[in-house]
Amino acid sequence: MNSTQADLRDEVRQLAEEAFHLKLISGHGDGPDVEEYQIVYQGKPRHLPLEQARLFLMNLLYRNRIH
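The rules behind each value
- Residues numbered from 1 in each chain as written.
- Predicted model: local features only at pLDDT ≥ 70, side-chain atom pairs only at ≥ 80, totals over all residues.
- Heavy atoms only, no water.
- pLDDT = per-residue confidence, 0-100.
- Helix = DSSP H or I, 4+ residues; strand = E, 2+ residues; numbered from the N terminus.
- Pairing = 2+ DSSP bridges.
- Expected span 1.5 Å × (residues − 1).
- Contact = heavy atoms within 4.5 Å.
- Buried < 20%, exposed > 50% of the residue type's maximum accessible area, 1.4 Å probe, protein only.

Enquirer: So what's going on with the confidence of the model for the protein? Residues and values would help.
Expert: Note that predicted coordinates carrying low pLDDT should not be read in detail. On average, residues of the protein score 94 in pLDDT, and 99% of them are at 70 or above. The secondary structure element of the protein with the lowest average pLDDT is helix α1 (residues 3-21), at 95, and the one with the highest is strand β2 (residues 36-41), at 97.

Enquirer: Run through the pairing of β2, naming residues and quoting values.
Expert: In the sheet, strand β1 (residues 27-30) pairs with β2 via four bridges, with the strands oriented antiparallel. The partner of G27 across the bridge, within β2, is V40. In this structure, the hairpin formed by β1 and β2 is closed by a connection of five residues. Taken together, the six bridges between β2 and strand β3 (residues 44-49) define a ladder with antiparallel strand orientation. Residue pairing for β3: Q38 is matched across the bridge by H47.

Enquirer: Hey, could you go over helix α2 (residues 50-66) for me, with residue numbers and the actual values?
Expert: Between the first and last C-alpha of α2 there are 25 Å, a value that for 17 residues agrees with the 24 Å anticipated at 1.5 Å per step. Where the residues of α2 are buried, they touch α1, β2 and β3.

Enquirer: Account for the environment of G31, with residues named and values stated.
Expert: If you trace the backbone, G31 turns up in the loop between β1 and β2. Look at G31 and you get buried, because its relative accessible area is 16%. When the C-alpha positions of G31 and R65 are compared, they lie 27 Å apart, and in sequence the two are 34 residues distant. The residues touching G31, leaving out its near neighbours within four places in the chain, are E36, Y37, Q38 and H47.

Here it is in structure tokens:
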């Protein structure tokens, strides 16, 4: 894993922690593939590529802030 990918994984992990504490997701963690991250949303685990996981979490957190 290169440093850019490691930085992206760290950012995704931080966003997921924030979403978890706000009860927007019910779980998260490293996916089975090094380039994926698992997010449990509405009771369903989703394995997303890191960039897609980042965008998903950012959108989820943004929607929570405007409501």
